[in-house]
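Take a look at the letters that make up each chain.
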Amino acid sequence: MSVRLTTAQALVRFLAAQHTERDGVRRRLITGMWGIFGHGNVAGLGQALVEYADVMPYHQGRNEQAMVHAAVGHARQLNRLSAQAVTTSIGPGATNLVTGAALATINRLPVLLLPGDYFAAHPADPLLQQLEHPVEADVSVNDTLRPVSRYFDRITRPEALIASALQAMRVLTDPAETGAVTLALPQDVQAEAYDWPEDFFADRVWRVRRPAPDPAELAEAVRAVRAAGRPLLVAGGGVHHSEAEAALRAFAEATGIPVASTQAGKGSLRHDHPADLGGIGHTGTAVADDLARTADLVIGVGTRYSDFTTASGTLFQHPDVRFLNLNITAFDAHKLAAGTLVCDARSGLERLTEALDGHRVDPAYEAEYRTGKERWERVVEAAYRAGDPSAVPTQTQVLGALDAVVGETDVVINAAGSLPGDLHKLWRARSPRQYHLEYGYSCMGYEIPAAIGVQQAAPDTVVWALVGDGTYLMMPTEIVTAVQEGLPVNLVLVQNHGYASIGGLSESVGGERYGTAYRHRAADGTFTGAPLPVDLAANAASLGMEVLRAKTVAELRDALARARASRRPCCVYVETDPAPTAPPAEAWWDVPVAETATREAAIGARESYDRQVAARRRHL
């Protein structure tokens, strides 16, 4: 039996019939499709979405990159068990997908990209927006998506979709392979009809595996843990993706081994758990980094060991330190010459806990890290505390005010600027999904669309997007989408007149904050004049948000409480005191400094750099 449909219609029907299943729970795989229509997709996928509006929800975006960010936020909130698709026209609509695709693939989060492409039949060349290559006629701008996609295909015949669509679903649902998946769709093929087998549209379930550890690897891991005197566990995003938080808590409580978290892994343990040390690495806590320097065994669970986590290879300084990596991806498990447990995070932690029955670290070690945790909590309190409620708040006091308002299951989203460092050190995560930091790509502009994706995934959850002025100016467009859809996302817009994070980094590496402030150009040609008369709050209001302005700590507390109670998109706008109040970095980060210079700032920065880089180790 067959049914005659266009390629685009067949694809939409196929996507509507795909499901995932893990632990016996079935979910729809593709929950909806974002789209901006142009000549490259309006007659194909645009028409198909109208034809099958009853089975495939459509979401209207304003920027193609932002649509991918929204889909990524949605997938992360749902533990990668559901995803969204994104369709664009050819040309700039397609190339705008590249940044979002890179973000998805780097963070191991599924998203299906469906850009239009040139005519497969080549009836006329060049088409509007078509890239012409003098020696490769089959190249299009969509080839820019190849290196940032985990699977890529160009569907040049209708029947080619059958095998490719199945491969696309396989990659989206494979926890070791997932990321951006791209099916480039020539605009003539989208509209071309074909007799499709009915079985192509049957309900299909993709089971998300929980592979158990290999017995030999498990035995070796148990020996390593039992032999360690100062073990430390580093929790990465894989703990959340696997829903392994309870298994991690059971492991920590049974063994007494402390847990530090990457940006993606924060919240794996609740902040007030005795074994939770907070963030690790360049933006980590003092207690976590102090223990990391003396750890003789580092147990990485679901982490890819970015340079922020390892302090650019300078953090783990014990002369005999060894690594044990539990990861579903062998590529990550083998990093740092580690012993490996290539398995699902939850099943691996459960088996490891069982095999270590009766083993516990020395009580003196537990007492040491618990005392360090108490000391750090006093640092957090000092950073959050506002001595004068009528004063202009600092950035850390903004976080303190938010900390006092959020509920147990609220979600706090951030990605770039100075806020990720402050949040990693200071935020008190109350639940597994509360801390939503995109720091694999640290993409300015992620926060607002991601908040929309999270709100779609969890409609009854209060969602906060924390955004600095630099990030806001990158991509505020999806505010319109939140207003259109009636999604009550909360935007905390922090105005500090420039790139605060990069300004501080610039100063530390001899760049003298050049080009990092949003100010008028001064007589000497530098941007050191008065702050620009830009009213971002008015901009947010013009896009349809309810705006609450706060000038003092007291006003900020009130505005945040009002925003949380609101059931419409709401922006809390606050200008901050630029004086730094966050705790200093507890570990180094390698940003190379000019080896030769005439300016004093750069010469001094290079001297400091040479001292720091000498501590780098290669763990072999």
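As a reminder, the structure under discussion sits directly above these lines.
Anyway, here's the lowdown on the structure attached to this text. Just so we're clear, the structure is a prediction, and the values are computed from it rather than from any experiment.

## Overview of the overall build of the protein
Okay, so step 1: Helix and strand counts for the protein come out as 24 helices and 23 strands.
Okay, so step 2: A globule of 620 residues ought to have a C-alpha radius of gyration of about 25 Å, and the protein, at 25 Å, matches this closely.
Okay, so step 3: Looking at the protein as a whole, 57% of its 620 residues qualify as buried.
Okay, so step 4: Pairs at least 24 residues apart make up 76% of the contacts formed inside the protein by residues separated by at least 6 positions.
Okay, so step 5: Of the roughly 24,100 Å² of accessible surface on the protein, 53% is carried by carbon and sulfur atoms.
Okay, so step 6: Distance between charge centres in the protein, computed from 57 positive and 71 negative side chains, equals 4 Å.

## As for the side chain of Ser 164
Okay, so step 1: Tracing the backbone shows Ser 164 in helix H6 (residues 160-173).
Okay, so step 2: Looking at Ser 164, the relative accessible area reads 3%, which means it is buried.
Okay, so step 3: A polar contact of 3.3 Å, which involves the side chain of Ser 164, links it to the side chain of Tyr 151.
Okay, so step 4: Discounting chain neighbours no more than four positions away, the residues touching Ser 164 are Tyr 151, Asp 153, Ile 155 and Leu 183.

## Looking at the sheet that holds strand E3 (residues 25-28)
Okay, so step 1: If you trace the three strands from one edge of the open sheet to the other, you get E3-E2-E11, paired in mixed fashion. Among the strands making up the open sheet, the edge pair consists of E3 and strand E11 (204-207). Sheet twist, expressed as the mean angle between neighbouring strand axes with direction ignored, is 30 degrees.
Okay, so step 2: When strand E2 (residues 18-22) meets E11, the two strands line up parallel, connected through four bridges. Directly across from Thr 20, in E11, lies its bridge partner Trp 206.
Okay, so step 3: Across the face of the sheet, H6 comes into contact with E2 and E11 while running at roughly 35 degrees to E11.

## Examining the nonpolar core
One broad rule of soluble globular proteins: the nonpolar side chains tend to lie buried together.
Okay, so step 1: Grouped together as the largest cluster of nonpolar side chains are 83 residues, with contacts concentrated most on Leu 233 and Trp 464.
Okay, so step 2: Counting residues per element, this core draws most heavily on helix H15 (residues 363-384), at six residues.
Okay, so step 3: Once residues within four sequence positions are removed from consideration, Trp 464 is found in contact with Leu 402, Val 405, Val 406, Asp 410, Val 411, Val 412, Ile 413, Asn 490, Val 492, Leu 560, Ala 563 and Arg 564.
Okay, so step 4: Ranked by size, the runner-up nonpolar core spans 46 residues in total, among them Ala 101, Ala 184, Ala 465 and Leu 491.

## Observations regarding unusual backbone geometry
Okay, so step 1: The peptide bond linking Asp 125 to Pro 126 adopts the cis configuration, its omega dihedral lying at -5 degrees.
Okay, so step 2: Along the chain, Pro 126 turns up in the loop between strand E7 (111-117) and strand E8 (151-154).
Okay, so step 3: A positive phi angle, near 55 degrees, is found at Tyr 305, a position not held by glycine.
Okay, so step 4: Assignment of secondary structure puts Tyr 305 in the loop between strand E15 (297-301) and helix H12 (307-310).
Okay, so step 5: At Ala 337, a position not held by glycine, the phi torsion is positive, near 50 degrees.
Okay, so step 6: Structurally, Ala 337 can be placed in the loop between helix H13 (330-333) and strand E17 (339-342).

## Examining the pattern of salt bridges
Pairing between side chains of opposite charge can happen when the charged atoms of each approach one another.
Okay, so step 1: Under the definition given, this model contains 34 salt bridges.
Okay, so step 2: Of the charged contacts, one joins Arg 428 and Asp 403 as a salt bridge, the two residues approaching to 3.1 Å between their closest N and O atoms. Placement of the pair is Arg 428 in the loop between helix H17 (419-426) and strand E19 (435-437) and Asp 403 in helix H16 (residues 395-403), with a sequence separation of 25 residues. Judged on exposure class, the residue Arg 428 and its partner Asp 403 are both buried.

## Some remarks on the packing of aromatic side chains
Okay, so step 1: Counting across every chain of the model gives eleven aromatic pairs.
Okay, so step 2: Ring centres of Phe 200 and Phe 201 lie 5.3 Å apart, and the angle between their planes is 65 degrees; on these two criteria the pair is classed as edge-to-face.
Okay, so step 3: The buried category is assigned to Phe 200, whose relative accessible area is 3%.
Okay, so step 4: For the ring pair Trp 588 and Tyr 609, a centre distance of 5.6 Å and an interplane angle of 55 degrees mean the geometry is tilted. Separated by 21 residues along the polypeptide, Trp 588 in the loop between strand E23 (570-575) and helix H24 (600-613) and Tyr 609 in helix H24 bring together distant segments of the chain.

## Things to note about the side chain of Gln 434
Okay, so step 1: With respect to the helices and strands, the residue Gln 434 is situated in the loop between H17 and E19.
Okay, so step 2: In this view, Gln 434 contacts Val 406, Gly 407, Glu 408, Thr 409, Asp 410, Val 411, Val 412, Trp 427, Arg 428 and Ala 429; residues no more than four positions away in its chain are not counted.

## What about H16?
Okay, so step 1: Among the nine residues of H16, nine are classified as buried, and the element is accordingly described as predominantly covered.
Okay, so step 2: Of the residues making up H16, those classed as buried are Gln 395, Thr 396, Gln 397, Val 398, Leu 399, Gly 400, Ala 401, Leu 402 and Asp 403.

## Here's the deal with the state of the cysteines
Okay, so step 1: Scanning the entire structure with this criterion turns up zero disulfides.
Okay, so step 2: Note on Cys 443: no disulfide assigned, nearest cysteine sulfur contributed by Cys 571 at a separation of 20 Å.

## Regarding the sheet that holds strand E18 (residues 411-414)
The strands that make up a sheet pair up through hydrogen bonds in the backbone, lying either parallel or antiparallel.
Okay, so step 1: Here six strands make up an open sheet; going across it, the order is E19-E18-E20-E21-E23-E22 and the pairing parallel. Of all the strands in the sheet, the pair left with one neighbour each is E19 and strand E22 (546-550). Strand-to-strand, the axes of this sheet are offset by a mean angle of 20 degrees, without reference to chain direction.
Okay, so step 2: Note: E18 against E19, three bridges, orientation parallel. Within E19, the residue paired with Asn 414 across the bridge is Leu 437.
Okay, so step 3: Most of the contacts of helix H18 (residues 447-457) go to strand E20 (residues 463-468), to which it runs at about 175 degrees, and overall it touches E18, E19, E20 and strand E21 (490-495).

## Digging into a nonpolar patch on the surface
Okay, so step 1: A contiguous nonpolar patch, built from Phe 37, Val 42 and Tyr 58 and spanning about 240 Å² of accessible area, is present on the exposed surface.
Okay, so step 2: Mapped onto the elements, Phe 37 comes out in the loop between strand E4 (30-35) and helix H2 (42-51).
Okay, so step 3: Its relative accessible area of 34% is what places Phe 37 among the partly exposed residues.

## Considering the environment of Gly 504
Okay, so step 1: The residue Gly 504 is located in helix H21 (residues 500-508) in this model.
Okay, so step 2: For Gly 504 and Ser 418, which are 86 residues apart along the polypeptide, the C-alpha to C-alpha distance reads 8.8 Å.

## What about helix H5 (residues 97-106)?
Okay, so step 1: Within H5, seven of the ten residues are buried, which leaves the element mostly enclosed by the surrounding structure.
Okay, so step 2: Contacts from the buried residues of H5 go to helix H3 (64-77), strand E6 (83-88), helix H4 (92-95), E7 and strand E9 (180-186).
Okay, so step 3: Positive phi shows up at Arg 108, right after H5, with a value of about 60 degrees.

## Section: the environment of Arg 28
Okay, so step 1: Counting through the fold element by element, Arg 28 comes out in strand E3.
Okay, so step 2: Here Arg 28 falls in the partly exposed class, since its relative accessible area comes to 26%.
Okay, so step 3: Residues Arg 28 and Pro 319 lie 291 residues apart in sequence; the distance between their C-alpha atoms is 49 Å.
Okay, so step 4: Discounting chain neighbours no more than four positions away, the residues touching Arg 28 are Ala 16, Gln 18, His 19, Val 55, Met 56, Pro 57, Leu 81 and Ser 82.
Okay, so step 5: Polar contacts involving the side chain of Arg 28 include one to the main-chain carbonyl oxygen of Ile 30, which spans 2.7 Å.
Okay, so step 6: A polar contact is formed between the side chain of Arg 28 and the backbone oxygen of Val 55, at a distance of 2.4 Å.

Conventions adopted
Residues numbered from 1 in each chain as written. Predicted model: local features only at pLDDT ≥ 70, side-chain atom pairs only at ≥ 80, totals over all residues. Heavy atoms only, no water. Helix = DSSP H or I, 4+ residues; strand = E, 2+ residues; numbered from the N terminus. Rg over C-alpha atoms; globule rule 2.2 N^0.38 Å. Buried < 20%, exposed > 50% of the residue type's maximum accessible area, 1.4 Å probe, protein only. Contact = heavy atoms within 4.5 Å. Areas by Shrake-Rupley, 256 points an atom, 1.4 Å probe, with all protein chains shown as cover. Lys, Arg positive; Asp, Glu negative; His and termini not counted. Charge placed at Lys NZ, Arg CZ, Asp CG, Glu CD. Polar contact = N/O pair within 3.5 Å; in protein donor to acceptor, adjacent residues only side chain to side chain. Pairing = 2+ DSSP bridges. Axes fitted to C-alpha atoms, helices over the stretch in contact; angles between N-to-C directions. Core = buried A, V, L, I, M, F, W, Y, C linked by side-chain atoms within 4.5 Å. Salt bridge = Lys/Arg side-chain N within 4 Å of Asp/Glu carboxyl O. Phe/Tyr/Trp six-rings, centres within 6.5 Å; stacked < 30°, edge-to-face > 60°. Disulfide = S-S within 2.5 Å. Patch = residues over 30% accessible without salt bridge, like charges linked within 9 Å, V, L, I, M, F, W, Y side chains within 5 Å.

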